[in-house]
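# Chains, contacts and geometry: an overview
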Amino acid sequence: MSSAVSPAPRTALVTGATSGIGWETARLLAGKGDTVIVHAPDQTSGDDAVTRLAAAGVDVLRLRLVVADFSRLDEVRAMAVRIAEEHPVLDILVNNAAVAAPERRTVTADGNELSFQVNFLAAYLLTHELAGPLSARPGARVVNVSSSMHRTASISWNDPQRTKRYSRLAAYAQSQLALTVFAREKAPWTSVSVHPGVCDTGLLPLYAHEGDPAAEGAARVVRLCEPATELVPGAYYDRTALSPAAPAAMEDRTVRRLCKLADQLVTARSA
């Protein structure tokens, strides 16, 4: 009598996992038996997220809490070092952390417009800093939780920090376009981006008055993390469907140009 071979346990990192789609994604992955590294911007919200995950039935032995404020790139680097030391193999990275761009243009200590740094540059830096663990085992996946709003965006190459003309919607949309483009960078792992749907999260006011439950959006993200789901590298998914990204996101030249810009911006203050 033959027995089915159970899949090897995986390790996943979910950024922005204290609420909304990130929290639900952590819950669903842990429920599948994965070890989930729960990222929080501060210790208090992280402890609260883990407490709520436990109350939801998650085995806390499957959870690891890491803390980093993505408005500080030095904290992103420090978190990556810790993760690489404690988890030499990383199978899944869900770049989910995001903030709505403020009404007034806000600049981080690193000199970047807030939403561009938190929503894109931090994800770019973190992914690159975790290249070792992501390359340690074949089949690793990076899922960038993007937005259909990327279709309305353009990257202001001459003024990515939006110093001259600032609009919170334009700044947020630019960060989502950048995240979508970034998924097309060539890497040893498979990267994709996904619009999980308009969901009832803290970002809902940017989109609509009502949305799907966050758990539904998270299920669409988790589906892309599953080995059974075949992915097209660099592709953009709208909920569960493979979908054409904005034309600007499909150009190889744009990918190269964006990565060059991001390299400059994440190293500008680190020297």
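Provided above is the structure to which this section pertains.
Residues numbered from 1 in each chain as written. Predicted model: local features only at pLDDT ≥ 70, side-chain atom pairs only at ≥ 80, totals over all residues. Heavy atoms only, no water.

### A word on the overall build of the protein
The condition that has to hold: A helix here means a DSSP run of H or I that spans at least four residues, while a strand means a run of E at least two residues long, and both kinds are numbered starting from the N terminus. The globule rule is 2.2 Å times the number of residues to the power 0.38, and the radius of gyration it is compared with is taken over C-alpha atoms. Should any heavy atoms of two residues lie within 4.5 Å, those residues are counted as being in contact. Here the Shrake-Rupley method, with its probe set to 1.4 Å, supplies the accessible areas, and only the displayed protein chains count as covering residues. Positive residues here are Lys and Arg, negative ones are Asp and Glu, while His and the chain termini are left out of the count. We put the charge of a Lys on NZ, of an Arg on CZ, of an Asp on CG and of a Glu on CD.
From N to C terminus, the protein includes eight helices and eight strands. Over its C-alpha trace the protein gives a radius of gyration of 18 Å, about what one expects of a compact globule, namely 18 Å for 271 residues. Counting only C-alpha atoms, the protein reaches 70 × 45 × 40 Å along its principal axes. Across the protein, every contact between residues at least 6 apart in sequence was considered, and the portion connecting residues at least 24 apart equals 75%. When the accessible area of the protein is evaluated, it comes to approximately 12300 Å², of which 52% is carbon and sulfur surface. Distance between charge centroids for the protein: 6 Å, based on 28 positive and 28 negative side chains.

### Some thoughts on unusual backbone geometry
Stated precisely, the cut-off is as follows: The cut-offs for exposure are 20% and 50% of the maximum accessible area for each residue type, with area from a 1.4 Å probe on protein chains only; residues under the lower value are buried, those over the upper are exposed, and the others partly exposed.
The phi dihedral of Arg162 falls on the positive side, at around 55°, and the residue is not glycine. Secondary-structure assignment places Arg162 in the loop between strand E5 (141–145) and helix H6 (168–182). Residue Arg162 is classed as buried on the basis of its relative accessible area, which comes to 11%.

### Thoughts on the packing of aromatic side chains
Counted only if it meets this: Paired rings are identified among Phe, Tyr and Trp, the last through its six-membered ring, by centres lying within 6.5 Å, and are further divided according to the angle between planes into stacked (under 30 degrees), edge-to-face (over 60) and tilted (the rest).
The full count for this structure, using the stated rule, is four aromatic pairs. Measuring from centroid to centroid gives 5.9 Å for Phe120 and Tyr124, while their planes differ by 55°, and the two rings are tilted. Taken together, the residues span about one helical turn, with Phe120 and Tyr124 both in helix H4 (residues 114–129) at a distance of four residues. What makes Phe120 buried here is its relative accessible area of 0%.

### Focus on the pattern of salt bridges
If the charged atoms of two oppositely charged side chains come close together, the side chains can form a pair. Rules: Between Lys or Arg on one side and Asp or Glu on the other, a salt bridge is scored when a side-chain nitrogen of the former is within 4 Å of a carboxyl oxygen of the latter.
If you walk through the whole model with that rule in mind, you get 13 salt bridges. Its salt-bridge partner being Arg72, residue Asp74 comes within 3.6 Å of it at the nearest N-O pair. Given the relative accessible area of 35%, Arg72 is considered partly exposed. Between Glu75 and Arg72 there is a salt bridge; the shortest N-O distance is 3.9 Å. Taken together, the shared-partner salt bridges in this structure form one network comprising Arg10, Lys32, Asp34 and Glu226.

### Observations concerning the nonpolar core
Rule in force here: Here, the term nonpolar core denotes a set of buried Ala, Val, Leu, Ile, Met, Phe, Trp, Tyr and Cys residues that are joined through side-chain atoms within 4.5 Å.
Residues Leu13, Phe70, Phe120, Leu126, Leu130 and Leu134 are the most contacted members of the largest nonpolar core, which totals 50 residues. Among the elements of the structure, helix H3 (73–86), H4, H6 and helix H8 (252–267) are those that each provide at least two residues to this core. It is H4 that contributes the most residues to this core, 10 residues altogether. Ignoring anything within four residues of it in the chain, the contact list for Leu13 reads Ile37, His39, Val66, Ile83, Leu90, Ile92, Leu93, Val94, Leu126 and Leu130. Within the second largest apolar cluster, 32 residues are counted, among which are Val14, Leu29, Leu65 and Ala214.

### Looking at the sheet that holds strand E3 (residues 63–67)
Put simply, the rule is: Strand pairing follows a simple DSSP-based rule, namely that at least 2 bridges must link the two strands. Only the stretch in contact is used when fitting a helix axis, every axis being a line fitted to C-alpha atoms; angles between N-to-C directions are given from 0 to 180 degrees.
With mixed pairing, the eight strands of this open sheet are ordered in space as E3-E2-E1-E4-E5-E6-E7-E8. Edge positions in the sheet fall to E3 and strand E8 (241–243), since each has one partner strand and no second. Between one strand axis and the next, the sheet turns through 25° on average, direction left out of account. Against the sheet, helix H1 (residues 20–31) makes contact with strand E1 (11–14), strand E2 (35–40), E3 and strand E4 (92–95), and its axis sits at roughly 170° relative to E1, the strand it touches most.

### A look at the environment of His195
Of note, His195 is situated in strand E6 (residues 190–195). Look at His195 and you get buried, because its relative accessible area is 3%. When the C-alpha atoms of His195 and Ser71 are compared, they prove to be 23 Å apart, with 124 residues separating the residues in sequence. Those residues in contact with His195 that lie beyond four places of it in its chain are Ser146, Ser147, Ser148, Tyr236, Tyr237, Asp238 and Arg239.

### Examining the environment of Gln174
Along the chain, the position of Gln174 falls in helix H6. With near-sequence residues (within four places) excluded, Gln174 lies in contact with Phe116, Ala153, Ser154, Ile155, Ser156, Pro160 and Arg162.

### Thoughts on the pairing of E4
Of the two faces of E4, the one carrying Ile92 and Val94 and the one carrying Leu93 and Asn95 are both buried. Relative to E4, E1 runs parallel, the two being bridged by three bridges. When the bridges of E4 are listed, Ala12 appears paired with Ile92. Direction of pairing for E4 relative to E5: parallel, over a ladder of four bridges. Along E5, the bridge assignment pairs Ile92 with Arg141.

Structural measurements only, silent on function.
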